[in-house]
Protein chains: 2
Amino acid sequence: MKQSAICPKFEKAISLLSQRWTALVIYQLLSEPQRFSEIQSAIGISGKVLSDRLKELEQFGLVKREVIPETPVIIEYSLTDKGKSLEPVLKAIENWSQTWITIEAD
Amino acid sequence: MKQSAICPKFEKAISLLSQRWTALVIYQLLSEPQRFSEIQSAIGISGKVLSDRLKELEQFGLVKREVIPETPVIIEYSLTDKGKSLEPVLKAIENWSQTWITIEAD
DNA sequence: AAACTTAGTTACATAAAGTAACTTAAAGTA
DNA sequence: TACTTTAAGTTACTTTATGTAACTAAGTTT
């Protein structure tokens, strides 16, 4: 029984990125900082799960939540450097998808 | 209400890769073709879910299942070209994880 | 004051994943 | 021959994650 030679850092990264919605939220924030409701309608995630994901991503240091005291108050989510550093990963997926994924018309 | 400008191919790729275990299974097969039980013990996935994932990946054209009529019979799973083409994606994640993920000792 | 918007939260329903025992087929062992 | 083991799954059941929709709190517009 040869046990997992899988690097724990890699495993942790994978478990982060393979949570549903996580990659899409990051991808969405890659273009620009956004508000809760913008992310929500852009990717079609429920408020509950988006709320969960943003908290996790914040804890993980990938996303920053900022309260902008305009009137009315704006709550803006943006990527930290760590978050932005995932861009190559997302781009690699994007690239791959253009070559290998087909969408069947129905 | 500006609706999803997200590319459907990208979205499909993301929904594939952000299913739990999918990326790890592919990563594992990247090194060499393997048998069911090898994958299972290497990444610590349950038989049930591995079975599900392998079927999905086969349907998706990423993995090939081959019955090798040795004695005893060997069932070998390997990546197709489409599967292998995910290597840059997995490597990008691996790279990222080495720079940005920390494992806390406890 | 009444109605609306933003950023959530709560309660409940459904779907996905984990666990452990079981199955089937072939092979090895007593 | 009967008994056990191994590989590759499957099944039944439990736990966890996600989805849905209604609700809240604070401020805004009418």
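Refer to the preceding data block for the structure.
For the structure given in this document, a descriptive report is provided here. Note that this is a predicted model, so its numbers are computed, not measured. Counting from 1, residues in each chain are numbered in the order their sequence is written. For this description, chains carry letters from A and ligands carry numbers from 1, given in the order in which they are written. Whole-chain, interface and lining totals are the exception, using all residues; otherwise, since this is a predicted model, local features are given only for residues with pLDDT of at least 70 and side-chain atom pairs are given and counted only at 80 or more. Water and hydrogen atoms were dropped before computing side-chain values, which therefore reflect all heavy atoms in the structure.

Remarks on helix α6 (residues 87–100) of chain A
Residues lying three or four places apart along an α-helix face the same way, a consequence of the helix completing one turn every 3.6 residues.
Part 1 of the argument: Its 14 residues place the ends of α6(A) 20 Å apart at the C-alpha level, agreeing with the 20 Å of an ideal helix rising 1.5 Å per residue.
Part 2 of the argument: Throughout, a residue-residue contact means that at least one pair of heavy atoms, one from each residue, lies within 4.5 Å. Counting from the N terminus, the helices are DSSP H or I runs at least four residues long and the strands are E runs at least two residues long. The inward-facing, buried residues of α6(A) abut α1 (8–17) and α2 (22–31) of chain A together with α1 (8–17), α5 (81–84) and α6 (87–100) of chain B. The span expected for a helix works out to 1.5 Å for each residue beyond the first.

Some details on the protein's contact with DNA strand D
Part 1 of the argument: Neighbouring DNA strand D are 18 residues, the closest being A:Lys48, A:Arg53, B:Ser51, B:Arg65 and B:Tyr77.
Part 2 of the argument: Per the 4 Å cut-off to the protein, sugar and phosphate atoms form 66% of the nearby atoms of DNA strand D.
Part 3 of the argument: Take A:Trp21: an N or O atom from its side chain is 3.0 Å from a phosphate oxygen of DNA strand D.
Part 4 of the argument: When contributions to the surface near DNA strand D are tallied by element, the ones reaching two or more residues are α4 (47–59) of chain A together with α3 (36–43), α4 (47–59) and β3 (74–79) of chain B.
Part 5 of the argument: No other element matches α4(B), which puts four residues into the surface near DNA strand D.
Part 6 of the argument: Split into classes, the residues belonging to the surface near DNA strand D amount to five nonpolar, five polar and eight charged. Consider each residue's heavy atoms; a residue with any of them within 4 Å of a molecule or strand counts as near. N or O atoms within 3.5 Å of each other form a polar contact, as long as, within protein, one can give a hydrogen and the other can take it, and as long as residues adjacent in sequence are counted only when both atoms are side-chain atoms. Side-chain classes are defined by residue name, with Ala, Val, Leu, Ile, Met, Phe, Trp, Tyr, Cys and Pro counting as nonpolar, Asp, Glu, Lys and Arg as charged, and the others, Gly among them, as polar.

What to know about the sheet that holds β3(B)
All names here are of chain B.
Part 1 of the argument: Pairing between two strands is assigned when DSSP locates at least 2 bridges connecting them. Spatially, the three strands line up as an open sheet ordered β1-β3-β2, and their pairing is antiparallel. Two strands in the sheet have a free side with no partner beyond their single neighbour: β1 (34–35) and β2 (63–68).
Part 2 of the argument: Taken together, the six bridges between β2 and β3 define a ladder with antiparallel strand orientation. Following the sheet pairing, Arg65 is matched in β3 by Tyr77.
Part 3 of the argument: Helix α2 (residues 22–31) contacts β1, β2 and β3 of the sheet and is inclined by roughly 100° relative to β3. Every axis in this analysis is a line fitted to C-alpha atoms, fitted for helices over the stretch in contact. Angles between the N-to-C directions lie between 0 and 180 degrees.

Description of empty space enclosed by the protein
Part 1 of the argument: Of the two site types, the cavity is a set of points on a 1 Å grid over the protein atoms alone where a 1.4 Å probe fits but cannot get out, and the pocket is an open set with protein on both sides within 12 Å along at least five of seven lines, each lined by residues with an atom within 4 Å of a point. Grid points are joined across faces, edges and corners, and a volume is the space filled by probe spheres set on the points. Tallied over the entire structure, the rule returns one cavity of 30 Å³ or more.
Part 2 of the argument: Within this model, the largest cavity holds a volume of roughly 120 Å³.
Part 3 of the argument: As for the largest cavity, its lining consists of 14 residues, of which A:Leu17, A:Ile93, B:Leu17, B:Ser18 and B:Ile93 are closest to the centre.
Part 4 of the argument: Contributions of two or more residues to the lining of the largest cavity are made by α1 and α6 of chain A together with α1 and α6 of chain B.
Part 5 of the argument: Partitioning the lining of the largest cavity into residue classes produces twelve nonpolar, two polar and no charged.

What about the relation of the copies chain B and chain A?
Think of it as a corkscrew move, a rotation about one axis and a shift along it, taking one chain copy to the other.
Part 1 of the argument: Mapping chain B onto chain A calls for a rotation angle of 180° and an axial translation of 0.0 Å; the resulting RMSD is 0.0 Å. Look at the turn and shift together and you get a two-fold axis relating the two. Among all residues of chain B, the one whose C-alpha sits closest to the rotation axis is B:Ser18, at a distance of 1.9 Å.
Part 2 of the argument: Counting the interface residues of chain B, we find that 98% of their copies in chain A are interface residues as well, pointing to one common contact surface. When the copies are superposed, the least-squares fit draws on C-alpha atoms of residues that have pLDDT of at least 70 in both.

Concerning the pairing of β3(B)
Residues and elements named next belong to chain B.
Part 1 of the argument: As judged from the two bridges shared by β1 and β3, these two strands associate in the antiparallel manner. Note on β3: the bridge partner recorded for Gln34 is Tyr77.
Part 2 of the argument: The antiparallel hairpin formed by β2 and β3 contains five residues in its connecting segment.

Details of the protein's contact with DNA strand C
Part 1 of the argument: Among the 18 residues in the neighbourhood of DNA strand C, the closest are listed as A:Ser51, A:Tyr77, B:Lys48, B:Arg53 and B:Thr71.
Part 2 of the argument: Here, DNA strand C places atoms within 4 Å of the protein, and 66% of those atoms are sugar or phosphate.
Part 3 of the argument: At 3.4 Å from a phosphate oxygen of DNA strand C is found a main-chain nitrogen or oxygen belonging to A:Ile75.
Part 4 of the argument: One nitrogen or oxygen atom from the side chain of B:Trp21 is found 3.0 Å from a phosphate oxygen belonging to DNA strand C.

Digging into the pattern of salt bridges
Proximity of charged atoms lets side chains of opposite charge pair with each other.
All names here are of chain A.
Part 1 of the argument: A pair is scored as a salt bridge if a Lys or Arg side-chain nitrogen falls within 4 Å of a carboxyl oxygen belonging to Asp or Glu. The full count for this structure, using the stated rule, is seven salt bridges over all chains.
Part 2 of the argument: In this structure, the salt-bridge partner of Arg53 is Glu56, at a minimum N-O distance of 3.5 Å. Of this pair, Arg53 and Glu56 both sit in helix α4, three residues apart, which is roughly one turn of that helix.
Part 3 of the argument: Buried means the residue's accessible area, taken with a 1.4 Å probe over protein chains only, is under 20% of the maximum for its type, while exposed means over 50%, and partly exposed covers the values in between. Look at Arg53 and you get buried, because its relative accessible area is 11%.

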